[in-house]
Amino acid sequence: MARPAPEIKHEIELDNGDRWQLLTAPATYVITYKNKPVNIRIEHPSLSGNKYKYKRTSYTELGTAIAQVRRYNKMFNCTDFGYRIVA
């Protein structure tokens, strides 16, 4: 099944020929832990001090949010992760 055509709200073209398009999203899906929104951080220890990376926790596609919830539940060995729809 093909993805539906997006609704373009605004568009600009940069000097290098790239075209940026502002598209509407039907909803945003936020990853939750025990029904509360969360951030997920990865700590990378190094000799010069710890470095942190933050994972995305909001998505515009439902399938991506569901896949991340499954991944986090498996990784943390729990069933407490879910998603919430933000209109």
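Residues numbered from 1 in each chain as written. Predicted model: local features only at pLDDT ≥ 70, side-chain atom pairs only at ≥ 80, totals over all residues. Heavy atoms only, no water.

1. Some words on unusual backbone geometry
Keep this limit in mind: For helices the rule is a DSSP run of H or I covering at least 4 residues; for strands it is a run of E covering at least 2, with both sets numbered from the N terminus onward. Burial classes follow relative accessibility: with a 1.4 Å probe on protein chains only, a residue under 20% of its type's maximum area counts as buried, one over 50% as exposed, and anything between as partly exposed.
The backbone phi angle of Asn35 is positive, close to 65°, even though this residue is not glycine. You can see Asn35 is positioned in the loop between strand E3 (28-33) and strand E4 (36-37). For Asn35, a relative accessible area of 61% puts it in the exposed group.

2. Observations concerning the environment of Asp80
How we decide: Residues are treated as being in contact if the distance between any of their heavy atoms lies within 4.5 Å.
With respect to the secondary-structure elements, Asp80 resides in the loop between helix H1 (62-75) and strand E8 (81-86). Accessibility expressed as a relative area gives 31% for Asp80, which makes it partly exposed. Between the alpha carbons of Asp80 and Tyr33 there is a distance of 5.5 Å; along the sequence they are 47 residues apart. In this view, Asp80 contacts Thr32, Tyr33, Lys34 and Asn73; residues no more than four positions away in its chain are not counted.

3. Some points on the pattern of salt bridges
Close approach of charged atoms allows side chains with opposite charge to pair. What counts, and what does not: Salt bridge, as used here, is a side-chain nitrogen of Lys or Arg placed within 4 Å of a carboxyl oxygen of Asp or Glu.
Scanning all chains against the criterion turns up two salt bridges. Among the ionic pairs, Lys9 bridges to Glu7, the shortest N-O distance being 3.5 Å. Among the residues examined, Glu7 registers a relative accessible area of 46% and is labelled partly exposed. A salt bridge links Glu11 to Arg19; the nearest nitrogen and oxygen atoms lie 3.2 Å apart.

4. Structural notes on the nonpolar core
Going by this rule: What makes a nonpolar core is a set of buried Ala, Val, Leu, Ile, Met, Phe, Trp, Tyr and Cys residues whose side-chain atoms join them at distances within 4.5 Å.
Judged by nonpolar contacts, Ala27, Tyr29, Ile31, Ile40, Tyr59, Ala65, Val69, Tyr72, Cys78 and Phe81 together constitute the single largest core of 10 residues. Elements with a contribution of two residues or more to this core: E3 and H1. At three residues, H1 tops the list of elements feeding residues into this core. Ignoring sequence-local partners within four residues, the contact set of Val69 consists of Ile31, Phe81, Gly82 and Tyr83.

5. Things to note about a nonpolar patch on the surface
Basically, it comes down to this: Within this analysis, patches are made of residues with over 30% relative accessible area and no salt bridge. Like charges are joined at 9 Å or less; nonpolar side chains (Val, Leu, Ile, Met, Phe, Trp, Tyr) at 5 Å or less. Per-residue and other accessible areas were derived by the Shrake-Rupley procedure at a 1.4 Å probe size, with only the shown protein chains allowed to occlude residues.
Taken together, the side chains of Ile12, Leu14 and Trp20 define a hydrophobic patch exposed on the protein surface, amounting to about 310 Å² of accessible area. The topology assignment puts Ile12 in strand E1 (residues 8-13).

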